[in-house]
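# A closer look at the structure
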Amino acid sequence: MMDCATFLYPTPTLRRNVMSIHRLHSGFLVPVVLGIAAACTPRLSAAADTVVTLGPLFGDHAVLQRDKPVPVWGSAGAGDSITVTFHGQTAKATAGADGRWKLGIGPFSASADPADLVVVGRNTLTLHDVVVGEVWLCSGQSNMEFTVDDGGDTYRVDHANAEVASADFPMIRQLRVERTVATAPALTVKTGGWEAASPATAGQFTAVGYFFARDIHLALGVPVGIIDSPWGGTPIE
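Residues numbered from 1 in each chain as written. Predicted model: local features only at pLDDT ≥ 70, side-chain atom pairs only at ≥ 80, totals over all residues. Heavy atoms only, no water.

### As for unusual backbone geometry
In this model, G106 is joined to P107 through a cis peptide bond whose omega is 10 degrees. With respect to the helices and strands, the residue P107 is situated in the loop between β7 (100-105) and β8 (111-120). Positive phi outside glycine occurs at D67, with the angle close to 65 degrees. Topologically, D67 is positioned in the loop between β3 (63-65) and β4 (70-75). Positive phi, normally seen in glycine, also occurs at H87, with a value near 50 degrees. (Helix = DSSP H or I, 4+ residues; strand = E, 2+ residues; numbered from the N terminus.)

Rendered as structure tokens:
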């Protein structure tokens, strides 16, 4: 039996095949990913703790949630001033005594026009090809872990070859969270980075998440990001 989903921001239509897929809360751009919380990046080593860093959900090709203020967070040197610029808007924050910082920027309308997100502290980070649209968290067990085509017979949808070959959707993007065991909520997680759906990548997309994202993308005409964080046979905590 597939896991059930409760939308954090309910959408009255397009509720087809939504088990374990949650729209991201505007004030918490995935503050937790399954049992391994992605609240902010951890403090770095003493030799590098003045370098500004971003949380694991931010990277090249990212999708940000439309029409809501977007939280951006990371770490830096204690007391450092941080500036974030995106689509002509700028927001500032000051890192706390523990080096952590967080700010809000936006809201932004949906846009498939790629833009740079620039973060300036004692160093500068520039994220390329960032778009704005729908962002959903895909969590659960093996039903969500099931991929479009894993290259074998274990996780493979019907007509997988045709589905992969036709997966030309640069505005559907997935961020896969790597499996991590933690005895307490973690400050960061490893990811595979944001990847756009193409014949080279779609086979490794969560199948439920991919078809869900494709339906939304085709219906609404906006970018769709899915954060893939399932772990077969595990409880939520």
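### Here we look at the sheet that holds β7
Reading across from one edge, β2-β4-β7 is the order of the three strands in this open sheet, with antiparallel pairing throughout. The open sheet has two free edges, formed respectively by β2 (53-54) and β7, since each of these has just one partner strand. Examined bridge by bridge, β2 and β4 share two bridges and lie antiparallel to one another. Bridge pairing links T53 to S75 in β4. (Pairing = 2+ DSSP bridges.)

### Some details on the side chain of E145
Relative to the elements of secondary structure, E145 occurs in helix α1 (residues 142-145). Polar side-chain contacts of E145 include one of 3.5 Å to the backbone nitrogen of G232. Ignoring sequence-local partners within four residues, the contact set of E145 consists of Y155, R179, P230, W231 and G232. (Polar contact = N/O pair within 3.5 Å; in protein donor to acceptor, adjacent residues only side chain to side chain. Contact = heavy atoms within 4.5 Å.)

### Let's talk about the side chain of T206
Secondary-structure assignment places T206 in the loop between β11 (191-197) and α3 (207-220). Within the structure, the side chain of T206 is placed 2.7 Å from the backbone oxygen of M144, a separation counted as a polar contact. Not counting chain neighbours up to four residues away, the residues in contact with T206 comprise C138, M144, F146, T147, Q174, I226 and D228.

### Notes on the environment of A91
As for its placement among the helices and strands, A91 is situated in strand β6 (residues 89-94). Residue A91 is classed as buried on the basis of its relative accessible area, which comes to 10%. C-alpha of A91 to C-alpha of G106: the two residues are 15 residues apart in sequence and 8.8 Å apart in space. Non-local contacts of A91, meaning those with residues more than four positions away in its chain, are made with I82, T83, V84, L103, G104 and I105. (Buried < 20%, exposed > 50% of the residue type's maximum accessible area, 1.4 Å probe, protein only.)

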